[in-house]
Amino acid sequence: MPFDYSRFLGVLEARARRLRGLSLASLGWAGTSAAVLAGMLAVRLLRIPLPYWSLSALVLPPLFAGAVAYAIGRSSQPRIPLLLLRVDDALGLKARLSSLYELRQRGGGSIFRQRIESEVRDAISGWRSALPIARRTIVQGSAGVCCVALAFGLAVVPLPSVSQSPLNLADTLSTLAQDLRPDSTDGSAAPATEATAPMTLRTDGESREQSDTTALEASDRNDATLDDIMRDLTGLSPNEAVLVPVSPDEIEELAKLQGEATRAVRQLLERIRDRLEDSPPTDSSELTPEELAALQREIDRGGLPPELEQGLNELMNRPESRSVEEIVEQLLDQFGDDAESESGSSEDEESAPPQSTAVARSPQNIDELLEELGQASSDEGQGSDVGVSAGPNESGEPSQDTDGEQSAGDRSSIVGANGMEDPSQVGGSEGPGGATDEEEQREPGFVREEEGAKIGSEGEFVNEFVTEGVPIELAPDSARGEPSFRVNYEQIASILRERGLPEGAIEIVRDYFNAITEGGS
Amino acid sequence: MITERDLEVAQTVFRRLTSSIEEVIVGHDEIIRAALTALLCKGNLILEGVPGLGKTLLVRTLAASLGLKFSRIQFTPDLMPADIVGTDIITEESGRRQFTFSPGPVFANVVLADEINRATPKTQSALLEAMEERTVTVGSHTYGLEEPYIVLATQNPIEMEGTYPLPEAQIDRFLLKANVRFPSLDELVAITERNTEGVGIRLPEPTATAEDILTSREVVREIPIAEGLRDYVARLLLATHPNSEHSPPRIREYVEYGASPRGALALILGAKANAFLAGEVNVRREDIRELFHAALAHRLVLNFKGEAEGVSVDELLADVWEHVPANA
């Protein structure tokens, strides 16, 4: 069979063009992929909102660059003599192929041409192995794939939030408050949600903006990693990005909403009690469907203290061992003192704005606070589960924060705490709300607490703070219509466990918050 | 047009020539090949080595094998140019005196310029025209030299006393330069055996004619060399220049002037002849490598630093060979 050198040259040139195209394509692909990765890194670090469709666009620029580079590479004319020399070297042909090309270019007959053709005819069968895909091409292509994969991973894997800015904290609190509410998806609960999460009042605009962002960002905000939490614990001061000021107006609105909710429940319970008293004993064992529906509505509205809400649930799903009357009486007992005091103070409360929040009490009310605490301690320890509720300022002046003058230790007198089960927990024993019978007996020590509170009398509260990310809930004192909330430490512990925080570190977190609030808040 | 028969004849002639020379010369295969290469390329060869290594014998053997006119010029410090090229002398013919040109020893086919660097540069330069243009000009007359023509010069190492380094212009006209090494033990034993027993050394009978040589030269020039190898040779040559982007660091440091374009011609032509002598039908990279040092070593001019530090040109060329990629 005659040696078709022209055909061989054509095939060789085509392969060379493809290889050249692949080489450039891999270069373009790798370069653009690296750029995409860098861009994605910047986007994630800067937390720029990224829509979902952008994920598919991650691959498009590298693909486009690779395609363009391939086209350019294929269009470039390879140097045939050098290609032939490469094939000669690879196949050990002693430069015969390239010499044959030279003879063909020279033209005319030559004794050497025939000899060379006869020698290379059988030797070039494996010429393709002389022009393999370059390792550099493979490496570049692989690097590009890795870059794209990393970029994609960056897009879909939530980054740990190093610290949330105060601007985003309100949104976070809003999300968290909704998470804490089991029935937050119910449309009827929307007003109550606003009532229990005052931060949402000022974040509506932001929420609308955030609706366009990906769910990935939301998961970023909620799923901070252990490293992030620990970094927050160790790297930031309490005044830096961890606390956010809560305006008195927001607390006032919150308190107003909570007061309305608790009053409505109390009135409903009183009506139930009256009906039970008026009804014959045989008919009084169950709630009517209307009453059940009303109770459910009140629960759905939200804003109720957990104990009250739990009691209402117990009333609706009454156990066999307890009667309706018993449960209703128990619930009304919770309002007992409130009901007595409300009649005398409700007018003042409505006329004078709530002066402070859970963290503020005006110095003029210290004596009144002591009286309340003494009364609470006699109510079988109910007050121990309740943080300090803010009371109205008798002077009618809004309390102001002394800010820099107020040391963290001042807050020991104004914290709320879940100290019922473990008084050693935040604010449990030392906080006024955590007063127990034993503590009442140690009155001198309690007097020293009063001394501590005097620091607050030297200045006025200007700002009040809620610790970022801390789940808050209304304190039972809110049943009296006063704005007060407390921290649910069990909820905090639950959140930390979900985030994989070691048990030992939970104590560190608790100690941290205790430290920054000197007793908890 | 070269025919298949021409190729076969030429290869046969040179195989026979090589074996006849090797019957006399012990070892020095590379020197024999260099001499035949120079003959095939219409070039000249300079052999460098200490006295007594058989340089002169090699040239005489080559001339005898070729059956060509041979002349030997022993260069001495008092040798004059006219002693080489010839001169006009007054002759009397039929009672009439006239100047008649008396050709010098340069008028031969094979000229041995023995110890060429012992003559003064002026006398050395007398060979320039003969070596390059194959002509000799005396007075107003120019005389052509008969082909095939080849000058085979020998020289002692430059460091030896009483030597004059050849001018760059002249040494550049030598196609190749070969260093004659000292024979090995076995070769030395063979040399003593051949020279001390029997009738001694007998020069071989002629095995080739002038026409065979000329035909072989045509065959050699027809041997193809790939464009990629031409490009390679050019890059090698540029790499010997200190100001070239292709040159290795040591060339930039120690070389004053690199090889001239004549060096590239010598390398390509020499590679062709080398391929022919190897029985190949095209130039290979190995041919270039084998001729690389011989074709370029004498064309590099070291700078003062290179001379002062005694840098070896062969080492510099080895750097060049390693530095320049075969496929760019």
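Residues numbered from 1 in each chain as written. Chains lettered and ligands numbered in written order. Predicted model: local features only at pLDDT ≥ 70, side-chain atom pairs only at ≥ 80, totals over all residues. Heavy atoms only, no water.

*Asks:* Which residues make up the overall build of chain B, and what values do they have?
*Replies:* A count of helices and strands for chain B gives 15 helices and 11 strands. Within chain B, the fraction of its 328 residues that count as buried is 52%. Long-range contacts, defined as pairs at least 24 residues apart, comprise 76% of the intrachain contacts of chain B with a sequence gap of at least 6. Counting only carbon and sulfur atoms, one obtains 52% of the accessible surface of chain B, whose full area is about 14,800 Å². (Helix = DSSP H or I, 4+ residues; strand = E, 2+ residues; numbered from the N terminus. Buried < 20%, exposed > 50% of the residue type's maximum accessible area, 1.4 Å probe, protein only. Contact = heavy atoms within 4.5 Å. Areas by Shrake-Rupley, 256 points an atom, 1.4 Å probe, with all protein chains shown as cover.)

*Asks:* Describe a negative patch on the surface, and please don't skip the residues or the numbers.
*Replies:* All names here are of chain A. Taken together, Asp 274, Glu 277, Asp 278, Glu 329 and Asp 333 make up a surface patch of like negative charges. With respect to the helices, strands and loops of the structure, Asp 333 is situated in helix H16 (residues 324-351). In this structure Asp 333 comes out as exposed when scored by relative accessible area, which is 53%. (Patch = residues over 30% accessible without salt bridge, like charges linked within 9 Å, V, L, I, M, F, W, Y side chains within 5 Å. Salt bridge = Lys/Arg side-chain N within 4 Å of Asp/Glu carboxyl O. Lys, Arg positive; Asp, Glu negative; His and termini not counted. Charge placed at Lys NZ, Arg CZ, Asp CG, Glu CD.)

*Asks:* Tell me about the packing of helix H1 (residues 5-46) of chain A against helix H5 (residues 96-106) of chain A, and name the residues and values.
*Replies:* Residue and element names in this part refer to chain A. Interhelical geometry of H1 versus H5 gives an angle of 115° and a closest axis separation of 12 Å. With respect to the hand of their crossing, H1 and H5 are arranged in left-handed fashion. For the pair H1 and H5, contact is made by Tyr 5, Ser 6, Phe 8 and Leu 9 and by Leu 97, Leu 100, Tyr 101 and Arg 104, respectively. Here the contact of H1 with H5 is composed, by residue class, of 6 nonpolar, 1 polar and 1 charged. (Axes fitted to C-alpha atoms, helices over the stretch in contact; angles between N-to-C directions. Left-handed = near helix turned anticlockwise from the far one by under 90°. Nonpolar A, V, L, I, M, F, W, Y, C, P; charged D, E, K, R; others polar.)

*Asks:* Account for helix H15 (residues 313-323) of chain B, with residues named and values stated.
*Replies:* Residue and element names in this part refer to chain B. Here H15 has its buried residues at Val 313, Leu 316, Leu 317, Val 320 and Trp 321. Viewed end-on, H15 has its buried residues packed into an arc of 145°, placing them on one side of the element. Packed against the buried residues of H15 are helix H10 (227-238), helix H11 (249-254), strand E10 (255-257), helix H13 (285-296) and strand E11 (301-302). (Arc of directions from axis to C-beta.)

*Asks:* Which residues make up the sheet that holds strand E8 (residues 150-155) of chain B, and what are the values?
*Replies:* Residue and element names in this part refer to chain B. Strand order across the open sheet formed by 5 strands is E2-E5-E8-E1-E9, with parallel pairing between neighbours. Here the strands that pair on one side only, and so sit at the sheet edges, are strand E2 (70-74) and strand E9 (176-179). If you compare each strand with its neighbour and ignore which way they point, the axes differ by 15° on average. Pairing geometry for strand E1 (residues 45-48) and E8, over 4 bridges, is parallel. In the sheet register, Leu 47 faces E8, and the bridge partner there is Thr 154. Docked against the sheet, helix H2 (residues 29-40) engages E1, E8 and E9, running at close to 165° with respect to E9. (Pairing = 2+ DSSP bridges.)

*Asks:* Tell me what's going on with the interface of chain B and chain A, and back it up with residues and numbers.
*Replies:* Every contact between the two is made by 25 residues of chain B and, on the other side, 20 residues of chain A. In total, about 2,000 Å² of surface goes out of reach between chain B and chain A, with carbon and sulfur atoms giving 53% of it. Residues A:Arg115 and B:Glu4 are paired through a salt bridge, measuring 2.6 Å at the closest nitrogen-oxygen approach. Inspection of the chain B/chain A interface yields 6 residue pairs in polar contact (both at pLDDT 80 or more). Residue assignment for the side of chain B that touches chain A shows that the elements contributing at least two residues are helix H1 (4-24), helix H9 (210-222) and H10 of chain B. Among the residues making up the side of chain B that touches chain A, the classes are represented as 12 nonpolar, 5 polar and 8 charged. (Buried area = accessible area lost by both parts, 1.4 Å probe. Polar contact = N/O pair within 3.5 Å; in protein donor to acceptor, adjacent residues only side chain to side chain.)

*Asks:* Report on the confidence of the model for chain A, specifying residues and quantitative values.
*Replies:* Residues and elements named next belong to chain A. The predicted model of chain A averages 64 in pLDDT, with 50% of residues at 70 or higher. Taken element by element, the predicted model of chain A shows its lowest mean pLDDT in helix H9 (residues 190-196) (37) and its highest in helix H3 (residues 60-75) (89). Scored below 50 in pLDDT, residues 182-224 makes 70 contacts in the model with residues more than four places away or belonging to other chains. Scored below 50 in pLDDT, residues 234-245 makes 31 contacts in the model with residues more than four places away or belonging to other chains. (pLDDT = per-residue confidence, 0-100.)

*Asks:* Got a sec to walk through the nonpolar core? Specific residues and values, please.
*Replies:* Residues and elements named next belong to chain B. Counting residues in hydrophobic clusters, the biggest one holds 104 residues, and the most contacted among them are Phe 14, Phe 276 and Ile 288. Residue contributions to this core peak at 9 residues, all from helix H12 (residues 261-277). When we break this core down by domain, the ones giving at least three residues each are domain 1 (1-192) and domain 2 (223-328). Sequence-distant contacts of Phe 276, defined by excluding residues within four places in its chain, comprise Leu 7, Ala 10, Gln 11, Phe 14, Leu 40, Val 219, Val 220 and Ile 223. In this structure, Ile 84, Met 131, Tyr 149 and Phe 174 belong to the second largest nonpolar core, which totals 27 residues. (Core = buried A, V, L, I, M, F, W, Y, C linked by side-chain atoms within 4.5 Å. Domains from an automatic or database assignment.)

*Asks:* How would you sum up the packing of H1(B) against helix H3 (residues 55-66) of chain B? Please name residues and give values.
*Replies:* All names here are of chain B. Orientation of H1 relative to H3, taken along the N-to-C sense of each, is 140°, at an axis distance of 10 Å. With respect to each other, H1 and H3 are oriented oblique. In terms of crossing hand, the pair formed by H1 and H3 is right-handed. Here H1 contributes Leu 17, Ser 20, Ile 21 and Val 24 to the contact with H3, which in turn contributes Leu 57, Leu 58, Thr 61, Leu 62, Ser 65 and Leu 66. A breakdown of the residues in the contact of H1 with H3 according to their chemical character gives 7 nonpolar, 3 polar and no charged. (Parallel < 35°, antiparallel > 145°, perpendicular 65-115°, else oblique.)

*Asks:* Explain the side chain of B:Lys272 residue by residue, including any values.
*Replies:* Residues and elements named next belong to chain B. Looking at where Lys 272 falls in the secondary structure, it is placed in helix H12. One buried charged residue, Lys 272, remains without a salt bridge, the closest side chain of opposite sign being Glu 222 at 7.6 Å. Side-chain polar atoms of Lys 272 contact the backbone oxygen of Arg 221, separated by 3.1 Å. Among all residues touching Lys 272, those that are not within four sequence positions of it are Val 220, Arg 221, Ile 223, Ile 225, Arg 230 and Val 283.

*Asks:* Give a detailed account of the environment of A:Arg318, specifying residues and quantitative values.
*Replies:* Residue and element names in this part refer to chain A. Note that Arg 318 resides in the loop between helix H15 (306-316) and H16. Here Arg 318 falls in the partly exposed class, since its relative accessible area comes to 23%. Between the alpha carbons of Arg 318 and Leu 287 there is a distance of 9.7 Å; along the sequence they are 31 residues apart.

*Asks:* Please provide a residue-by-residue account of the side chain of B:Arg235, values included.
*Replies:* On the secondary structure map, B:Arg235 appears in helix H10. For B:Arg235, a relative accessible area of 8% puts it in the buried group.

*Asks:* Can you tell me about the packing of aromatic side chains, naming the residues and giving the values?
*Replies:* Residue and element names in this part refer to chain B. Across all of its chains, the model carries 6 aromatic pairs over all chains by this definition. Between the aromatic rings of Phe 107 and Tyr 143, the centroid separation amounts to 6.2 Å while the plane-to-plane angle is 80°, which identifies the pairing as edge-to-face. Of this pair, Phe 107 sits in the loop between strand E4 (96-103) and strand E5 (110-114) while Tyr 143 sits in strand E7 (residues 141-144), placing them 36 residues apart in sequence. For Tyr 143, a relative accessible area of 22% corresponds to the partly exposed category. Measuring from centroid to centroid gives 5.2 Å for Phe 292 and Trp 321, while their planes differ by 50°, and the two rings are tilted. With a gap of 29 residues between them, Phe 292 in helix H13 and Trp 321 in helix H15 connect regions that are remote in the sequence. Assessed through its relative accessible area of 1%, Phe 292 is described here as buried. Members of the aromatic cluster, joined through ring pairs, are Phe 101, Phe 107 and Tyr 143. (Phe/Tyr/Trp six-rings, centres within 6.5 Å; stacked < 30°, edge-to-face > 60°.)

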